[in-house]
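Fold and geometry: a report
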Amino acid sequence: MADTAAGDAVALLAEARQVVDAELDRCAERLAADVPGPLGDALAYALRSPGKRVRPALVLAAYRAAGGRSDAIAGIATAVEVVHTYSLVHDDLPCMDDDDMRRGRPTTHRAFDIPTATRVGYLLVPVAGEELARAAAALGLGAEPTGALAVELFEAGGIRGMVGGQWLDLEAERRGLTLPELTAVHRGKTGALIRAAVVLGGIAAGAEPGVSRALRGYGEEIGLAFQVADDVLDATGTSEELGKPAGRDAALAKSTYVSVLGVAAARAEAVRHQQRAVAELADVPLVSESLVALARYIVTRPS
Ligand code: GRG
């Protein structure tokens, strides 16, 4: 795997896209063979959908920061991206956010239909497990770190993380949230998987406890920074820039960092989380220009 220029988030994202998209492609081919017909096509459509690959880039950067050097880390990054992909397919369904466009293309239920998109989401969860197990074996990891990787990823994706946060978010619709309530929603809904991406990189590299704690703290802060920046982008970006309809949060009357704080204070809140993330690394110290650059990218990204 080509080593990316340290400190260059755009180059690291391009590298993550290259290696993870190749893995996603292989997954899509395997699934299309196992699941013939429209469902196989829909699985491939979702897996080949062009995202920014922020979570995979975080896995690579954390792995290298903790001393990892194997190219097989791409499989761990792919497992995280597969969980993210399933969550987007389900999040776009009419029973959740009801969105027609995602990543510049029709959402999976628009390109196919609602039952197919629902099944795509469910089918992708075990695919993530398979990817994780294959990558752990390719990295030569034993039973203990392999188990720790699985617990970290699926706990972050479950009721104590992403699903729990989404649930709280759905229940909070049409009710104004306070800043602490909003933070609790997004610590789970968006933050948990981003934090897990960083922690997984550390586990795969066999990070020592101090480094693991720093990565977890960094992941926690950039997970929140990511959502604050997302709310600002939804309020200030255009649909063309975002690849999905802008202004959806206001249209759905959702509580967001922008509705609670206003745009300027929300931007400042994102920067505060970015600075705390970098401080978590500095405390050890864990020197990683790539993690610092990704934290900056997360709050300044254009989409
Ligand atoms: C059953 C209650 C229940 C939930 C199912 C659907 C779901 C699980 C969870 C939703 C999680 C979710 C979609 C959170 C939003 C996270 C977010 C800000 C996504 C956008 O991430 P980007 O910008 O997207 O990295 P790209 O397209 O670049 O990958």
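Refer to the structure presented above.
Because the structure is predicted, anything quoted here is derived from the model rather than measured. (Residues numbered from 1 in each chain as written. Predicted model: local features only at pLDDT ≥ 70, side-chain atom pairs only at ≥ 80, totals over all residues. Heavy atoms only, no water.)

Thoughts on the pattern of salt bridges
This model, assessed by the stated rule, comprises 25 salt bridges. Two residues, Arg216 and Glu152, come together in a salt bridge whose shortest N-O distance is 2.9 Å. Here Glu152 lies in helix H7 (residues 143-156) and Arg216 lies in helix H10 (residues 209-236), a separation of 64 residues in the sequence. Given the relative accessible area of 36%, Arg216 is considered partly exposed. Ionic pairing is found between Lys254 and Asp169, a salt bridge with its closest N-O pair at 3.5 Å. In this pair, Lys254 is assigned in the loop between helix H12 (248-251) and helix H13 (257-261) and Asp169 in helix H8 (residues 162-171), connecting sequence segments 85 residues apart. Accessibility classification places Lys254 together with Asp169 in one group, the buried group. Look at the salt bridges and you will find they share partners, linking Asp21, Arg53, Glu81 and Arg103 into a network. (Salt bridge = Lys/Arg side-chain N within 4 Å of Asp/Glu carboxyl O. Helix = DSSP H or I, 4+ residues; strand = E, 2+ residues; numbered from the N terminus. Buried < 20%, exposed > 50% of the residue type's maximum accessible area, 1.4 Å probe, protein only.)

Let's talk about the environment of Ala192
With respect to the helices, strands and loops of the structure, Ala192 is situated in helix H9 (residues 179-204). Once residues lying within four places of it in the same chain are set aside, the contact partners of Ala192 are Ala156, Gly161, Met162 and Arg187. (Contact = heavy atoms within 4.5 Å.)

Overview of the nonpolar core
The nonpolar side chains of soluble globular proteins are, as a tendency, buried together. Core analysis: the biggest nonpolar cluster contains 75 residues, and Leu58, Ile76, Tyr218, Ile222 and Leu294 have the highest contact counts within it. Each residue touching Ile76, except ones within four places of it in the same chain, is listed here: Val59, Leu132, Ala135, Ala136, Leu139, Leu149 and Leu200. Ranked by size, the runner-up nonpolar core spans 11 residues in total, among them Ala172, Val228, Tyr257 and Ala266. (Core = buried A, V, L, I, M, F, W, Y, C linked by side-chain atoms within 4.5 Å.)

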